[in-house]
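What follows is each chain in one-letter form.
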Amino acid sequence: MRLPRPALIATATATAAATLLLSPHGAVADPTPQPPTREWETGSASEGADTAARAPESTTDRALTSPAPDLTTEARGYPREQTLTPDPQNPADKSIKLGLTPYHAIAPKLNALQQLGDRVSVEIAGRSAGGHRLYLVTVTAPESAKQARAQERMRELIENAPQAAAKDPALKAAYKTPVFFNNNIHGNEWEGTDAALKLIERLAKAKDKDTTGLLAQHRLYFNITANPDGRIAGTRANANGFDLNRDFVTASQPETRAMRQIEIDKQPAVMLDLHGYVNGTLIEPTTPPHGENYEYDLFLKNTYANALDMESAVNGLGFTPEKDGVEPVQIPFRDQEEGWDDWPPIFTPQYAAFHGTVAAHTVEIPLAVNNEEYDELPVAELRRRSAINVDVAGAAMDATLDYAQKHRASLIADQIEVFRRGATGAAQVPVSPETVPGVPGIGPEDVYTTDFPRAYVIPSGGNQRSATAAARLVDHLLANDVQVRRATKDFRLGGTSYAKGSYIVDMHQPKRGLANVMLADGRDISDKVSTMYDISGWSLGRLWGATVSDIRTGGSSVPSRTVHEAARVAYVAPYGNLRLRLDDAREIAALNSLLRDRVSVRRSSDGSAIVPGSARTKAAALAKKYDVAFDATKATGGTPLHRVRVAAAVTPGELFALREMNFDVTPVSTAILNAGFDWSKADVLFASAGLDHEDLNTAARTALDGFLAREGLVGRGATGAALNAAADLLAVKPVEGNGDANGVVRVVNSRGGVTQGAPDHSFVYTPMWFTDLGSSVRVEQSYATGNPLVSGHWRPLDDGTGGPAQAAGRASVVSGPHVVLFGTEPLFRAHPKGEFPQVARALLTVSR
């Protein structure tokens, strides 16, 4: 039985023990235990959710359109050298103050490293939201094109024919084990990049037998900086304001898609994700709850063993609390009770596990140099800390290479076993002292497994809410390397009939864990732990707007064919007026394009848009661009729709989602309004973050109140509710639930207005509901009765309030004359795609 873990000492940004007193010996502050840090509490004052998003529209456009290059160009051997064009010198790069490598110096450095011999290759893995190149460096012994093709065949054999791979002696002898170092995913956690550059240089020059053997049997991949936008600006997030280490389920950002493609194409057995700052250095594996969809016995076995090796290497550097302010390494699985979990697949190492990575770690280097420390500490102290951090990151990398070299055969065998279990439908192996020998303290609190269905079916027509949503979901699964088939005949499964053309996700496939983590409902884990590090529910099956059915028997007997992309939905009726459903974000985007072009569109009683036949040419172009259908209709009348200009005081995810739906958006905030804002440029205000009525100066408050009196407000959460109360618009009492709560909830929608056609599930993050409703208030949506939480973590507060029982049956979305208030999170991190139209309908209806 595991010994009790102490409370979480620190988090990625709450560095109670990292702040050194400015004394000659660098003594540390009292390491007071801290709770996990929520996303909005991280970073500097300019990055929290109290500040409205302000990313330029160009970064959204780039994120929505930038593909991730295919990195499986195995017709070429190694090295793959190229001369990189240098970036312009940027004296404002935040790395410079720390004595670290500024982004503009990376390309020249990589050019020089390629000239050191025949071991270093550089490829462009994509571009960031801000337009900066993402560099993937490969270090390995030279390979001919024929040898590279052989490596790719072995990689594919491991994934797609794991039983054969396990018996292949040539693979065991010749396959190069892939190791992946991911650096600087949080832009103001810099030092992994510099440690990687140092390691690459050493490997390029070394002539010793160990290095030669390492590179003969391994390919080492380095994502030099996963977040160049943040590295330059000194921000946690990228240029769109996204925390990339929360984006792996949705992959909304180009940097995330690049990392996803590296995982798919290179299939690393081992990976490190270098972060900061936790003192002492934090090295995963994590506390419970553990992700229930991956093969945790294999993962824990390797991740814990490598953590011990990294611990020895980092502590062996000789840094001490008294001399350097560096505490000993901590391993959450061993040293903490809860609060640093691996439950959601939104973090890089947890996502990597679904692609066969059997040793994957977040490593939090020790000494804080960002945020307040960056602004307040002397340059000499910052550079001292950064140098130590580079050494610590380097020691973790070195230990990982040693581990990979010593355990090469077993790492690949375990990766093969991950894929074999998936392909054959084998049972997961619960962790225990017997199944994972060598890992002390395993207890029942560490056992998390799931019951995989035999298959999932995604209908493509009939009573499907949106064929567009189904196509998007299928394409997303395929982009994540999940295998999807399409029925060639009508069929019946689980007592339900499905039409020809429906999509089938057979769960006897190598990456069944990833398929399930995206399509399953998930689990209510409120009773498992008292707190979670981040989100606890995320179901694409419930939140993306497509119908998804889980099948418990017979999934492999349906006549079907493998698909590599979803069938296109695009269609325009050849005659008459046109009907465009408004149940999907892409349909909203097409509508807004028509309205921007001044097409006379009307909204029918069923909530769809009626488009005149005279706009058929425009509709055809939009059907192709957004993959939506314009059906024929004989409906007449309806309410005229107009292009809506949105003033938005919102989070980065919400700003991105509004632009994804092609709304005309102008970001605003308290500061922008106080500086003077021309309200004639807006038709509606959407407020959820960064706007405080009390902090407005007299002129700004007067202007805002005047705007709200004559135009419309869409509000979300505490910010929206407070603004509604300050302007005395809608008679409701907002009730905030537990601030730690989040997850997928059951809801009941009204038959018209804002939530017409919406899914019967929504997402909450610090949920809110509304009571004491005035006579003019309409309930658009309510939390379901009973326990509305389907998956996630939502407990009542210590006094018994704020829980799901208190929210049950209460209004979650309300409206009145020119006001809509949301207690849910329909645009959260640009993730719950099926919820987006609720906000769109609100914006379209409240503006006058």
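Model, not experiment: these values are computed from the prediction. (Residues numbered from 1 in each chain as written. Predicted model: local features only at pLDDT ≥ 70, side-chain atom pairs only at ≥ 80, totals over all residues. Heavy atoms only, no water.)

Q: Whenever I open this one, the sheet that holds strand β18 (residues 577-580) confuses me. Can you help?
A: As summarised here, the arrangement of the six strands in space is β17-β21-β18-β20-β19-β22, forming an open sheet in which the pairing is mixed. Bordering the open sheet on either side are β17 (571-572) and β22 (639-640), each of which pairs with just one other strand. Where β17 lies against strand β21 (residues 629-633), two bridges are found, and the strand directions are parallel. Looking at β21, one finds that Val572 is bridged to Phe630. (Pairing = 2+ DSSP bridges. Helix = DSSP H or I, 4+ residues; strand = E, 2+ residues; numbered from the N terminus.)

Q: How should the side chain of Gln781 be read in this particular structure?
A: Position of Gln781 relative to the elements: it lies in strand β31 (residues 778-783). Residue class for Gln781 comes out buried when judged on its relative accessible area of 0%. A distance of 2.9 Å separates a polar atom in the side chain of Gln781 from a polar atom in the side chain of Asn749. (Buried < 20%, exposed > 50% of the residue type's maximum accessible area, 1.4 Å probe, protein only. Polar contact = N/O pair within 3.5 Å; in protein donor to acceptor, adjacent residues only side chain to side chain.)

Q: What am I meant to see in the nonpolar core here?
A: One recurring pattern in soluble globular proteins: nonpolar side chains tend to sit buried together. Ranked by internal contacts, the top residues of the largest apolar core, which has 151 residues, are Leu110 and Phe222. Broken down by element, this core gets its largest block of residues, 12 residues, from helix α15 (residues 379-406). Ignoring anything within four residues of it in the chain, the contact list for Leu110 reads Leu84, Val122, Tyr135, Val137, Leu197 and Ile224. Core analysis: the next-biggest nonpolar cluster, separate from the first, contains 55 residues, Phe242, Leu622, Phe686 and Phe836 among them. (Core = buried A, V, L, I, M, F, W, Y, C linked by side-chain atoms within 4.5 Å. Contact = heavy atoms within 4.5 Å.)

Q: Could you clarify how one ought to interpret the packing of aromatic side chains in this entry?
A: Two descriptors summarise a pair of aromatic rings, namely the distance from one centre to the other and the angle between the planes of the rings. Counted by the stated rule, this structure contains 21 aromatic pairs. On the numbers, 5.2 Å between centres and 50° between planes, the contact of Tyr294 with Phe299 is tilted. This pair shows no difference in class: Tyr294 is buried, exactly as Phe299 is. Put simply, the rings of Tyr294, Tyr296, Phe299 and Phe354 touch in pairs and so form one group of aromatic residues. Above the ring of Tyr78, the side-chain terminus of Arg80 is found at 4.0 Å from the ring centroid. Positioned over the ring face of Tyr374 is Lys97, at 4.5 Å from the centre of the ring. (Phe/Tyr/Trp six-rings, centres within 6.5 Å; stacked < 30°, edge-to-face > 60°. Lys NZ or Arg CZ within 6 Å of the ring centre and 35° of its normal.)

Q: Can you help me understand the environment of Glu57 in this one?
A: Relative to the elements of secondary structure, Glu57 occurs in helix α1 (residues 57-65). In this structure Glu57 comes out as partly exposed when scored by relative accessible area, which is 45%.

Q: What should I look at first to understand the side chain of Asn592 in this one?
A: On the secondary structure map, Asn592 appears in helix α20 (residues 585-596). For Asn592, a relative accessible area of 0% gives the class buried.

Q: Would you mind going over the pattern of salt bridges with me for this structure?
A: Side chains that carry opposite charge are capable of pairing whenever their charged atoms lie near each other. Counted by the stated rule, this structure contains 46 salt bridges. Across the salt bridge formed by Arg552 and Asp550, the nearest N and O atoms sit 3.0 Å from each other. By relative accessible area, Arg552 is classed as partly exposed at 44%. One continuous salt-bridge network, built from bridges that share partners, spans Glu189, Arg236, Asp243, Arg246, Asp534 and Arg829. (Salt bridge = Lys/Arg side-chain N within 4 Å of Asp/Glu carboxyl O.)

Q: In this structure, what is going on with the packing of helix α2 (residues 106-114) against helix α6 (residues 191-205)? I would like to understand it.
A: Two packed helices can be described by the angle between their axes and the distance between those axes. Where α2 contacts α6, the two axes come as close as 10 Å, and the packing angle between them is 15°. Comparing their axes, α6 and α2 come out roughly parallel. Along this stretch, α2 crosses α6, giving a crossing that reads as left-handed. Between α2, through Ile106, Lys109, Leu110 and Leu113, and α6, the contact on the second element is made entirely by Thr193, Leu197, Ile200 and Glu201. (Axes fitted to C-alpha atoms, helices over the stretch in contact; angles between N-to-C directions. Parallel < 35°, antiparallel > 145°, perpendicular 65-115°, else oblique. Left-handed = near helix turned anticlockwise from the far one by under 90°.)

Q: Help me understand unusual backbone geometry in this model?
A: Most peptide bonds adopt trans geometry, and most residues besides glycine take a negative phi value. Following Tyr78, the chain continues to Pro79 via a peptide bond in cis, the omega torsion being 10°. Position of Pro79 among the secondary structure elements: in the loop between α1 and α2. Across the junction of Asn279 and Gly280, the peptide omega takes the value 5°, indicating a cis bond. Unlike most non-glycine residues, Ala251 shows phi in positive territory, near 55°. With respect to the helices, strands and loops of the structure, Ala251 is situated in the loop between α8 (228-233) and α9 (254-266).

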